[in-house]
Amino acid sequence: MTREFDIAVVGATGVVGEAMLAMLAERKFPVGTVYALASEKSIGKSVDFGRRELPVDDLAEFDFSAVEIGLFSAGASVSAEYAPKAVAAGCTVIDNTSNFRYDDDIPLVVPEVNADKISEYKKRGIVANPNCSTIQMVVALKPIYDAVGIKRINVSTYQAVSGAGRVAVEELVRQTSMMLSGQPLDIEGDAKQIAFNAVPHIDVFEDNRYTREEMKIVWETRKIFDDDKILINPTAVRIPAFYGHSEAVSIETSDKISAEKVCDLLRNAPGVCLLDGVVTGAYPTAVTDSSGTDPVYVGRVREDISHPRGINLWVVADNIRKGAALNSVQIAEILAKNHL
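Concerning helix α7 (residues 259-267)
Then comes step 1: Those residues of α7 that fall on the buried side of the exposure criterion are A259, V262, C263, L265 and L266. On an axial view of α7, the arc spanned by its buried residues comes to 160°, and they lie on one face. Summarising the geometry of α7, the exposed residues directed more than 90 degrees from the buried face are E260 and R267.
Then comes step 2: Lining the buried residues of α7 we find α4 (132-148), β11 (272-274), β12 (296-303) and β13 (310-317).

A short note on the side chain of T92
Then comes step 1: Examined against the element boundaries, T92 turns out to sit in strand β6 (residues 92-95).
Then comes step 2: When sequence neighbours within four positions are dropped, the list of residues in contact with T92 reads E68, I69, G70, Y121, G125, L335 and L340.

Focus: the sheet that holds strand β2 (residues 31-38)
Then comes step 1: Here we have seven strands laid out as an open sheet, ordered β3-β4-β2-β1-β5-β6-β7, and mixed in their pairing. Edge positions in the sheet fall to β3 (46-49) and β7 (126-128), since each has one partner strand and no second. Across the sheet, the mean angle from the axis of one strand to that of its neighbour is 30°, orientation sign disregarded.
Then comes step 2: As judged from the four bridges shared by β3 and strand β4 (residues 52-58), these two strands associate in the antiparallel manner. By the bridge assignment, D48 is partnered in β4 with E53.
Then comes step 3: On top of the sheet, helix α9 (residues 321-338) reaches β1 (5-10), β5 (69-72), β6 and β7; it is set at about 155° to β6, its chief contact.

Considerations on the layout of surface pockets
Then comes step 1: Here the largest pocket defines a volume of roughly 1,000 Å³.
Then comes step 2: Contributing to the lining of the largest pocket are 46 residues, with V16, S73, A74, G75 and G165 lying nearest its centre.
Then comes step 3: Breaking the lining of the largest pocket down by element, the ones donating at least two residues are α1 (15-26), α2 (76-88), α5 (166-180), α6 (212-225) and α9.
Then comes step 4: Split by residue class, the lining of the largest pocket holds 16 nonpolar, 19 polar and eleven charged.
Then comes step 5: Lining the second largest pocket are 17 residues, and of these A191, K192, I194, H201 and R238 sit closest to its centre.
Then comes step 6: Take the lining of the second largest pocket: its biggest share by element is four residues, from α5.
Then comes step 7: Taken together, the residues of the lining of the second largest pocket sort by class into eight nonpolar, two polar and seven charged.

Some remarks on the nonpolar core
Then comes step 1: Formed by 57 residues in total, the largest nonpolar core has its most connected members in F64, L141, I153, V298, V301 and L313.
Then comes step 2: For I153, the residues in contact, after removing those within four places along its chain, are M137, L141, T221, I230, L231, I232, N233, V249, S250 and I251.
Then comes step 3: Grouped together as the second largest cluster of nonpolar side chains are 36 residues, V109, I118, Y121 and L326 included.

Structural notes on the pairing of β12
Then comes step 1: As paired elements, β11 and β12 share three bridges and run parallel to each other. When the sheet's bridge partners are listed, V272 is paired in β12 with V296.
Then comes step 2: Here β12 runs beside β13; their pairing, made up of five bridges, is antiparallel. Across the sheet, the residue bridging to G299 is W314, located in β13.
Then comes step 3: If you look at the hairpin formed by β12 and β13, you'll find six residues sitting between the two strands.

Quick look at α2
Then comes step 1: The end-to-end C-alpha distance of α2, which contains 13 residues, comes to 18 Å, matching closely the 18 Å that a straight helix rising 1.5 Å per residue would cover.
Then comes step 2: The largest bend in α2 is about 30°, located at Y82, with the proline P84 one to four residues further on.
Then comes step 3: Those residues of α2 lying buried are S79, Y82, A83 and A86.
Then comes step 4: Within two residues after α2, G90 carries a phi angle of roughly 100°, on the positive side.

Topic: the sheet that holds β12
Then comes step 1: Judged by pairing direction, the sheet is mixed, and its six strands sit side by side in the order β9-β8-β10-β13-β12-β11 without closing on themselves. In the strand order of this sheet, the two ends are held by β9 (231-238) and β11, each with one partner. Ignoring strand direction, the axes of neighbouring strands in this sheet form an average angle of 20°.
Then comes step 2: On top of the sheet, α6 reaches β8 (150-159) and β9; it is set at about 140° to β9, its chief contact.
Then comes step 3: Contacting β11, β12 and β13, α7 runs over the sheet at an angle of about 165° to β12.

Reading the values: the criteria
- Residues numbered from 1 in each chain as written.
- Predicted model: local features only at pLDDT ≥ 70, side-chain atom pairs only at ≥ 80, totals over all residues.
- Heavy atoms only, no water.
- Buried < 20%, exposed > 50% of the residue type's maximum accessible area, 1.4 Å probe, protein only.
- Helix = DSSP H or I, 4+ residues; strand = E, 2+ residues; numbered from the N terminus.
- Arc of directions from axis to C-beta.
- Contact = heavy atoms within 4.5 Å.
- Pairing = 2+ DSSP bridges.
- Axes fitted to C-alpha atoms, helices over the stretch in contact; angles between N-to-C directions.
- 1 Å grid on protein atoms, 1.4 Å probe; cavity = no way out; pocket = protein on both sides within 12 Å on 5 of 7 lines; lining within 4 Å.
- Points joined across faces, edges and corners; volume = space filled by probe spheres on them.
- Nonpolar A, V, L, I, M, F, W, Y, C, P; charged D, E, K, R; others polar.
- Core = buried A, V, L, I, M, F, W, Y, C linked by side-chain atoms within 4.5 Å.
- Expected span 1.5 Å × (residues − 1).
- Bend = angle between axes of the 7 residues up to and from the residue.

Shape descriptors only; they carry no functional weight alone.
Here is the structure:
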């Protein structure tokens, strides 16, 4: 008989929390009791888990000794407060926020890339989930990195509004509806219009004039590949798509590799779906291919005409599924099978 695990989903009423519950049900994770946790203001609500509904419980009152695994996605400040309490109660935490990603003694894991690091959860009882844009990029680059090495990455990300949560999705709906009906937009403060626009600003600006979203890609890629020598130059842009992030990735490899060989590697890479053609539609897009699905899609593979060891790729993935919920559940599956 398969052992069952009691699980708490923290942030269960958010878009990622809802997706975590959906992924647990879809992938038939061996769950016993599932607890949906959120702030006090969500008490009285319910969330879907497979074909049934779960009542939302108050995170502040929950006893984490009742569960073996906690999936956290309620914001960095919530994880900072409650993840250590959960660990102290005997719960293993998989955290989807940025709070623990850069701690040296907490593994930062993408299962297709560095699943071996999961065993290091024992140090503090926590496994960190990377940022959504980092996850899809490293899944696509892992087979190339292993084959010929990567010296430098230039990446521009085109990120859906769902990466900023439900409020951002609702704001895009509002702005789009107003513009299509000929009404003037009312936008508070200095924020730029997102409807029918592209905004090169996600998260706060750092002292080096890169945004924190851009620096996350730098910090996390180096940690996941365990390679501080990789040079990474990112630009993060918010676009008016609801779900699915897109990335234009240009890399400089250590040894030369052909586009044909890259395609051969990607066809056999875990978690990757290669859609690489040179006719209309023979390439992936976030809306038509990745949204609502699990793979990281790669297309437009070509050799860089400006560099003898350059390769260009177009990478798309569902930022809520593979970029957050699925990656967390995959980690939970490995923990459940091999470690707990």
